[in-house]
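Below are the chains, spelled out letter by letter.
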Amino acid sequence: MAARTDPARLVRQARDLIEEFNRVVLDDAKELSAPALSEATQALKSLVERLPQAFEQTADVLELLAKSDKVTVGRGGVRTEVATTAAELRTVAADSEQLGKSLANPASVLFSMGGR
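Treat the numbers as computed from the prediction; the structure is a model and nothing was measured.

A. Molecular detail of the packing of helix α2 (residues 34-67) against helix α4 (residues 104-111). Two numbers describe how α2 lies on α4: the axes approach to 8 Å, and their chain directions differ by 150 degrees. It follows from the interaxial angle that α2 and α4 lie roughly antiparallel. Crossing hand, α2 versus α4: left-handed. Residues A34, L37, S38, T41, Q42 and K45 of α2 lie in contact with α4, whose contacting residues are A104, A107, S108, L110 and F111. Residue classes in the contact of α2 with α4 are distributed as 6 nonpolar, 4 polar and 1 charged.

B. Up close: the layout of surface pockets. The space that makes up the largest pocket amounts to roughly 520 Å³. Lining the largest pocket are 15 residues, with P7, V11, A54, F55 and T58 sitting closest to its centre. Broken down by secondary-structure element, the contributors of at least two residues to the lining of the largest pocket are α1 (7-27) and α2. The dominant element in the lining of the largest pocket, judged by the number of residues it contributes, is α2, at 11 residues.

C. Structural detail: the pattern of salt bridges. Per the counting criterion, the structure on display carries 7 salt bridges. Where D60 meets R90, a salt bridge forms, and the shortest distance between an N and an O atom there is 2.5 Å. Residue D60 is found in helix α2, and its partner R90 is found in helix α3 (residues 78-102); the two are separated by 30 residues along the sequence. With a relative accessible area of 41%, D60 lands in the partly exposed category. One salt bridge connects R90 with E63, and the closest N-O pair in it is separated by 3.0 Å. Of this pair, R90 sits in helix α3 while E63 sits in helix α2, placing them 27 residues apart in sequence. Overall, the relative accessible area of 27% leaves E63 in the partly exposed class. Look at the salt bridges and you will find they share partners, linking E56, D60, E63 and R90 into a network.

D. Expanded view of the packing of α2 against α3. Closest axis-to-axis distance for the α2/α3 pair is 8 Å, and the angle between their directions is 170 degrees. Between α2 and α3, the angle is such that the two are roughly antiparallel. Of the residues assigned to the contact of α2 with α3, the class counts are 13 nonpolar, 4 polar and 7 charged.

Reading guide: rules and limits
- Residues numbered from 1 in each chain as written.
- Predicted model: local features only at pLDDT ≥ 70, side-chain atom pairs only at ≥ 80, totals over all residues.
- Heavy atoms only, no water.
- Axes fitted to C-alpha atoms, helices over the stretch in contact; angles between N-to-C directions.
- Helix = DSSP H or I, 4+ residues; strand = E, 2+ residues; numbered from the N terminus.
- Parallel < 35°, antiparallel > 145°, perpendicular 65-115°, else oblique.
- Left-handed = near helix turned anticlockwise from the far one by under 90°.
- Contact = heavy atoms within 4.5 Å.
- Nonpolar A, V, L, I, M, F, W, Y, C, P; charged D, E, K, R; others polar.
- 1 Å grid on protein atoms, 1.4 Å probe; cavity = no way out; pocket = protein on both sides within 12 Å on 5 of 7 lines; lining within 4 Å.
- Points joined across faces, edges and corners; volume = space filled by probe spheres on them.
- Salt bridge = Lys/Arg side-chain N within 4 Å of Asp/Glu carboxyl O.
- Buried < 20%, exposed > 50% of the residue type's maximum accessible area, 1.4 Å probe, protein only.

Written out as structure tokens, the structure reads:
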């Protein structure tokens, strides 16, 4: 049977790639063009648009694990802590959905820019 993929490892890889992106943009600022920034912004928008689903699914799985009695907490009740945490994750999902919507205009404007 194939080894399962560690979800935390995948997210750390994405984080590391964003850090690399930040360095590249600063290091190569004078060589970049508006079309290159547009393409990068479109990709960032696409990434951000996927975050709500990731947070929602994390909340869903947490609740599933709790129902299967696979969650413990250091203090407080499991049901309360899971419910609170799942609700907070869903709030973050809504916030990140708004971030994706907020990226629509700058991404659109950048798309129409040319370079020299």
